[in-house]
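Residue strings, one per chain:
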Amino acid sequence: MDRYLLKNIIIIILVLVNGFLLGAITLRQTAEDRSRRQAEEQLVELFAADSITLDPEAISDQAPPAALTFFRSTEREREAAAFFLGEALTQEDRGGGISTYTGAAGTATFRSNGSFDIKGTLSAEDTEALCEAFCRAFSYGQPVFLLDQNGYGSGSAVYRHNKLPVFNCTVTFTLEKGELTSVSGTLLPKEGSAAPESREPLTAPAALTTFQKVHRESGAIGSAITEMYACYELQSASSSALSLVPAWCVVTDITNYYVNAITGTVTSG
């Protein structure tokens, strides 16, 4: 009998402990929600003082992504060149971090800072479909084309890593009479490694505060902020590895602005 009584007492204690922990978690979550709502209200008032409408629903609750480092992949570069030039390629190391691949259709040039261009007679049929296939294979978003009635113009797409856009990493396709003559932009390796972060990245509310301060004296930024989302900013140099740093895109009724979540630098785009 004592054993069953002890067992019931232990169960009751466990239930009480679990209830206490659940209550503590609920209280903490409630406090966090209240703090977030207060911060959102303050931001709305802050922007309203500058005649800018900020919908509280536009303030992202995403966590900023982690910074990443990428090292050059010649295999990835060769794959991109072969996509347009075919598998029979002649490679040449031209020094200074520049490599070229030559095929029957043209020449591809890749640089250590991630930039590249491919020129030649790359496609005369189903050009847009070919460009879309390249974007799918090399992690760019859906390309958008602007062509005149004679087939002259271009298309472009933004690179995406882990489904997040890299706002300053793009590819551009140039068409002449419907024929693809040039592909240029920035190419990243498939995988990156975690980069050490010297400081905590800005949260969405902190990024908006920084954005507002930067633009208070620099001129009009539109009359409304309609959306906000996490993204990346590419940083590259010919003598170092490529890196993706966390950033925030602030969408206004005029244009998009990008806030570097590490440095607070604001860029329009």
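Since the model is a prediction, treat every value here as computed from it, not as a measurement. (Residues numbered from 1 in each chain as written. Predicted model: local features only at pLDDT ≥ 70, side-chain atom pairs only at ≥ 80, totals over all residues. Heavy atoms only, no water.)

Draft legend 1. The pairing of strand S6 (residues 115–123), seen in detail. Strand direction decides the pairing type here: strand S5 (residues 106–111) and S6, joined by 5 bridges, are antiparallel. From the neighbouring strand, Ala-108 faces S6, where its bridge partner is Ile-118. Here S5 folds back onto S6 in antiparallel fashion, the turn holding 3 residues, of which Gly-114 has a positive phi close to 95 degrees. For S6 and strand S10 (residues 179–186), the ladder comprises 6 bridges, and the chain directions are antiparallel. Bridge assignment links Lys-119 to a residue of S10, and that residue is Ser-182. (Pairing = 2+ DSSP bridges. Helix = DSSP H or I, 4+ residues; strand = E, 2+ residues; numbered from the N terminus.)

Draft legend 2. Highlighting empty space enclosed by the protein. Summed over all chains, the structure comprises 1 cavity of 30 Å³ or more. Computed from the structure, the largest cavity encloses a volume of approximately 80 Å³. Around the largest cavity sit Arg-72, Ser-73, Arg-76, Glu-77, Phe-110, Arg-111, Ser-112, Gly-114, Leu-187, Leu-188, Pro-189 and Leu-242, which together line it. Split by residue class, the lining of the largest cavity holds 5 nonpolar, 3 polar and 4 charged. (1 Å grid on protein atoms, 1.4 Å probe; cavity = no way out; pocket = protein on both sides within 12 Å on 5 of 7 lines; lining within 4 Å. Points joined across faces, edges and corners; volume = space filled by probe spheres on them. Nonpolar A, V, L, I, M, F, W, Y, C, P; charged D, E, K, R; others polar.)

Draft legend 3. Just helix H2 (residues 74–85), in detail. Over its 12 residues, H2 extends 16 Å from the first C-alpha to the last, a length consistent with the 16 Å expected when each residue adds 1.5 Å. Within the sequence span of H2, burial applies to Arg-76, Glu-77, Ala-80, Ala-81, Ala-82, Phe-84 and Leu-85. Downstream of H2 by a residue or two, Gly-86 has a phi angle that is positive, lying close to 90 degrees. (Expected span 1.5 Å × (residues − 1). Buried < 20%, exposed > 50% of the residue type's maximum accessible area, 1.4 Å probe, protein only.)

Draft legend 4. Structural context of the pairing of strand S4 (residues 98–103). For strand S3 (residues 90–95) and S4, the ladder comprises 5 bridges, and the chain directions are antiparallel. Counterpart to Gly-95 in the pairing with S4 is Ile-98. Hairpin connection from S3 to S4: 2 residues lie between these consecutive antiparallel strands, with Gly-96 at a positive phi of about 65 degrees. One ladder, built from 6 bridges, connects S4 with S5; its direction is antiparallel. From the neighbouring strand, Thr-100 faces S5, where its bridge partner is Thr-109. Between S4 and S5, which pair antiparallel and follow one another directly, the connecting turn spans 2 residues.

Draft legend 5. Representation of the packing of H2 against helix H3 (residues 127–137). At their nearest, the axes of H2 and H3 sit 11 Å apart, and the two run at 165 degrees to each other. Looking at the two axes, H2 sits roughly antiparallel to H3. Remark: the crossing between H2 and H3 carries right-handed chirality. Residue-level inspection shows Arg-76, Ala-80, Phe-83 and Phe-84 of H2 in contact with H3, the latter providing Leu-130, Ala-133, Phe-134 and Ala-137. Looking at the contact of H2 with H3 residue by residue, the class counts come to 7 nonpolar, no polar and 1 charged. (Axes fitted to C-alpha atoms, helices over the stretch in contact; angles between N-to-C directions. Parallel < 35°, antiparallel > 145°, perpendicular 65-115°, else oblique. Left-handed = near helix turned anticlockwise from the far one by under 90°. Contact = heavy atoms within 4.5 Å.)

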